Amino acid sequence: MGTLNIGPDIKLGLDEAIGQCAAILGIRGSGKSNTAGVIFEELLAARYPLSIIDTDGEYFGLKEKYEVLVVGEGENVDIELDAESAAGVAEVSLREGIPVVVDVSGMLSDDRDAFVLAYLARLWAVAGKLRKPYMIGIEECHEFIPQGVRSPLKDTVARIALRGRKRGLGTVIISQRSAKVEKDVLTQAGMMFLHRVVHEADMRVYSEILPWRKAEVKEEVAALATGSCIFFTSQTVRKVSVRLRETFHGGFTPAFRPVETPKLRQVRGEILAAIQQARADACPTHVAGHVEADQPRSDVAFREAWLRNRMGSAGTPPPVDDRENAEPVDAGAHESWGEEDDNVVPHWVRRDNDTEEALETFPDEILRQRARLIRRLDRRPVHEKRLLAFLASREPRAYTTTELAAWIDCAEAALVSEPPSELVEMGLLHRERLSRGTTYRIRLRPYVTEAFEPFFSELGNDGLHRLVGDLRQALTELG
Ligand SMILES: Nc1ncnc2c1ncn2[C@@H]1O[C@H](COP(=O)(O)OP(=O)(O)OP(=O)(O)O)[C@@H](O)[C@H]1O
Ligand SMILES: [Mg+2]
């Protein structure tokens, strides 16, 4: 087991963190968030998964060095989230071991509480099944577990802090208002970092905790410098100095730019899929065309990353212009290579500017047939048109409904309950049920060959090729 390097005179065993409830208390500016940040840095360095409920938007700087995803509502979030998606993200974080900063700094108090409740309640429920080590940091915890007031949120936080150990859940609770934090939780904390306090009420709380005389507590605590604290467990009580955070703390260095790593982008994809799922669960009819306003920031980039992640074997994105090295596809998908095999450069990277002029030379009957087809497709539901556009413009292989849903921003449940069966019956899409789920791939060339068969003698091979290129372009524009 590794060691957590908290400061020059305090090192903790990683095993001590599992299921631990640690409390960090002190007045404003005494160094609480720095201490918490150091603990999180050390846990992240040890690849210990965690979530941080960040009330002031000050933990995004962890991204400087670690793979952390920042979600919620605040200035520096990677993905904007509302309470509807909170539980799904919490579940992915715990299941996949993805560290998440839940930035609630930009939420109104009711929204914030609803978000945190949904997030923590799901962590609690899933932890009951998985029982994996996981840490939850909660800033300004007196706002979530106030002394003497009951609420579903408080019950949930208290339950995690008091009974999380058996489920692998540890907590780091942070507060500048020691006297306002629920006593039952505070007194159960197995580890305390007591920074400076000055108010009488807070001093009384410290006196109840520390095994010292009142006068001694007052003297020791009042003399604590920023970053120093009394470290208290059942085995020890001593003054320690906490090291300074290595990663950026707070939000005031304009030059700060988090490093975007491929892993982080991949993580975003996982979260995005969870959001899709959460939305699908909340609203099964949520389909493309209704979601522009609430799309997560840089949504397209996330989906690209997610797809690359899914496409690549062993996590490596396939080179887009090299079919030989593309993902090992299922048997059905292999046929699609064959159907497209007359292009040296794959069509999804090819600039098709020779097809437009070519159309003018087609007989009227072919142009009318083409127009009828486009009109028919244009009447299809929005999510089917996006699906067609996606499949027409992408690497010609089989895509699962999960991939497609993520790409076209459509709830997966909607794709399952309203499948593009008419497109399959027309012969434009090929559907296959595989162990990894239902897949779809486009079969444009076979479709054109069949549908325009009466004109084949007029078109010839070259005309057919140009017609396929033209239709591909038209389908792409449907989305
Ligand atoms: N261990 C430390 N060593 C050196 N400087 C520190 C240390 N801890 C904190 N500081 C300094 O003190 C400042 C305030 O620390 P921090 O933000 O952690 O306080 P806080 O107790 O969380 O305050 P608040 O209650 O306002 O959130 C930091 O910006 C940092 O400059
Ligand atoms: Mg702070």
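Here the structure is a predicted model, which means the values were calculated and not measured.

A.B. asks: Is there a simple way to explain the overall build of the chain in this structure?
C.D. replies: Helix and strand counts for the chain come out as 19 helices and 15 strands. Counting over 479 residues, the chain shows a buried share of 55%. Element-wise, carbon and sulfur atoms account for 49% of the exposed surface of the chain, whose accessible area totals about 21000 Å².

A.B. asks: Please explain the pairing of strand β10 (residues 191–194) as it appears in this structure.
C.D. replies: Judged by which residues are buried, β10 turns out to be covered on both faces: M191 and F193 on one side and M192 and L194 on the other are all buried. Strand direction decides the pairing type here: strand β3 (residues 21–25) and β10, joined by 4 bridges, are parallel. Bridge assignment links I24 to a residue of β10, and that residue is F193.

A.B. asks: Explain helix α5 (residues 152–163) here, please?
C.D. replies: Given 3.6 residues per helical turn, the α-helix brings residues three or four places apart onto the same face. Here α5 is 12 residues long and its end C-alpha atoms lie 16 Å apart, about the 16 Å a rise of 1.5 Å per residue gives. Considered for burial, the residues of α5 that qualify are L153, K154, T156, V157, A158, I160 and A161. Residues of α5 that are buried make contact with β3, α4 (109–130), β8 (134–138), β9 (169–175) and α6 (183–186).

A.B. asks: Before we go on, may I ask you to explain the confidence of the model for the chain in this structure?
C.D. replies: Caution applies to low-pLDDT regions: their predicted coordinates should not be interpreted in detail. Mean pLDDT over the chain stands at 80; residues scoring 70 or higher make up 77%. Below a pLDDT of 50 lies the segment residues 251–259, which in the model reaches 10 contacts outside its immediate sequence neighbourhood of four places, other chains included. Scored below 50 in pLDDT, residues 285–356 makes 137 contacts in the model with residues more than four places away or belonging to other chains.

A.B. asks: Just to check I follow, could you spell out the state of the cysteines for this structure?
C.D. replies: Covalent bonding between the sulfur atoms of two cysteines defines a disulfide. Inspection of every chain in the model, using the stated rule, returns 0 disulfides. Residue C141 stays outside any disulfide, its sulfur separated by 8.6 Å from that of C21, the closest cysteine.

A.B. asks: I keep staring at the pattern of salt bridges and nothing clicks. Help me out?
C.D. replies: Any two side chains of opposite charge can pair, given that their charged atoms come close. In the structure shown here, the tally under the stated rule is 21 salt bridges. The residue E246 makes a salt bridge to K65 at a minimum N-O spacing of 2.6 Å. Separated by 181 residues along the polypeptide, E246 in the loop between β12 (237–241) and α9 (262–282) and K65 in the loop between β4 (50–54) and β5 (69–72) bring together distant segments of the chain. The class of E246 is partly exposed, set by a relative accessible area of 48%. Measuring nitrogen to oxygen at the nearest pair gives 2.7 Å for the salt bridge that ties E143 to R112. A residue pair is termed long-range when its members are at least 10 positions apart, and E143 in the loop between β8 and α5 and R112 in helix α4 qualify at 31 residues. Accessibility expressed as a relative area gives 11% for R112, which makes it buried. Within the structure, one salt-bridge network assembled from shared partners comprises R376, R380, E384 and E422.

A.B. asks: Is there a simple way to explain the side chain of H383 in this structure?
C.D. replies: Mapped onto the elements, H383 comes out in helix α14 (residues 382–393). Assessed through its relative accessible area of 3%, H383 is described here as buried. A polar contact of 3.2 Å, which involves the side chain of H383, links it to the backbone oxygen of E418.

A.B. asks: Help me understand a negative patch on the surface, please; the structure alone is not making it clear to me.
C.D. replies: On the surface, E73, D82, E84, D110 and D111 cluster together into a negatively charged patch. A relative accessible area of 63% places D110 in the exposed class.

A.B. asks: Even after reading the chapter, I still don't get the sheet that holds β10, so can you show me in this structure?
C.D. replies: Two orientations exist for strands paired in a sheet by backbone hydrogen bonds: parallel and antiparallel. With mixed pairing, the 10 strands of this open sheet are ordered in space as β6-β5-β7-β4-β8-β9-β3-β10-β11-β12. Two strands close off the open sheet at either side, each with one partner strand: β6 (79–80) and β12. Two strands pair when backbone bridges link them, and β10 and strand β11 (residues 228–233) are joined in this way by 4 bridges, in the antiparallel orientation. Along β11, the bridge assignment pairs M191 with T233.

A.B. asks: I keep staring at the packing of α14 against helix α15 (residues 401–408) and nothing clicks. Help me out?
C.D. replies: When two helices pack together, you describe them by how their axes are tilted relative to each other and by the distance separating the axes. At a minimum axis separation of 10 Å, α14 and α15 run at an interaxial angle of 100 degrees. Between α14 and α15, the angle is such that the two are roughly perpendicular. Along the contact surface, α14 presents H383, R386, L387, F390 and L391, while α15 presents L404, W407 and I408. Considered class by class, the residues forming the contact of α14 with α15 number 6 nonpolar, 1 polar and 1 charged.

A.B. asks: Before we go on, may I ask you to explain the nonpolar core in this structure?
C.D. replies: Generally speaking, nonpolar side chains in soluble globular proteins are found buried as a group. Judged by nonpolar contacts, the single largest core of 57 residues is most densely connected at I53, Y119, L120, I138 and I173. No other element matches α4, which puts 8 residues into this core. Those residues within four positions of I53 in sequence are excluded, and the remaining contacts are V102, V104, V116, Y119, L120, G137, I138, E139 and F144. By size, the runner-up hydrophobic cluster in this structure holds 36 residues, among which are L387, F390, W407 and C410.

A.B. asks: It is not clear to me how the site of ligand 1 should be interpreted in this structure. Could you clarify?
C.D. replies: The environment of ligand 1 is formed by 15 residues, the closest being K32, S33, N34, V242 and H249. At 2.9 Å, a backbone N or O of G29 approaches an oxygen atom of ligand 1. Here N34 contributes a backbone N or O atom positioned 2.7 Å from an oxygen atom of ligand 1.

A.B. asks: How should the pairing of β9 be read in this particular structure?
C.D. replies: Strand residues, when the strand is regular, have side chains that alternate between the two faces of the sheet. Burial runs high along β9: 7 of the 7 residues are buried. Pairing geometry for β8 and β9, over 5 bridges, is parallel. Bridging across to β9, M135 finds its partner in G170. For the segment spanning β8, α5 and β9, crossover handedness is right-handed.

Reading guide: rules and limits
- Residues numbered from 1 in each chain as written.
- Chains lettered and ligands numbered in written order.
- Predicted model: local features only at pLDDT ≥ 70, side-chain atom pairs only at ≥ 80, totals over all residues.
- Heavy atoms only, no water.
- Helix = DSSP H or I, 4+ residues; strand = E, 2+ residues; numbered from the N terminus.
- Buried < 20%, exposed > 50% of the residue type's maximum accessible area, 1.4 Å probe, protein only.
- Areas by Shrake-Rupley, 256 points an atom, 1.4 Å probe, with all protein chains shown as cover.
- Pairing = 2+ DSSP bridges.
- Expected span 1.5 Å × (residues − 1).
- Contact = heavy atoms within 4.5 Å.
- pLDDT = per-residue confidence, 0-100.
- Disulfide = S-S within 2.5 Å.
- Salt bridge = Lys/Arg side-chain N within 4 Å of Asp/Glu carboxyl O.
- Polar contact = N/O pair within 3.5 Å; in protein donor to acceptor, adjacent residues only side chain to side chain.
- Patch = residues over 30% accessible without salt bridge, like charges linked within 9 Å, V, L, I, M, F, W, Y side chains within 5 Å.
- Lys, Arg positive; Asp, Glu negative; His and termini not counted.
- Charge placed at Lys NZ, Arg CZ, Asp CG, Glu CD.
- Axes fitted to C-alpha atoms, helices over the stretch in contact; angles between N-to-C directions.
- Parallel < 35°, antiparallel > 145°, perpendicular 65-115°, else oblique.
- Nonpolar A, V, L, I, M, F, W, Y, C, P; charged D, E, K, R; others polar.
- Core = buried A, V, L, I, M, F, W, Y, C linked by side-chain atoms within 4.5 Å.
- Near = heavy atom within 4 Å.
- Right-handed = clockwise from strand over helix to strand, strands pointing away.

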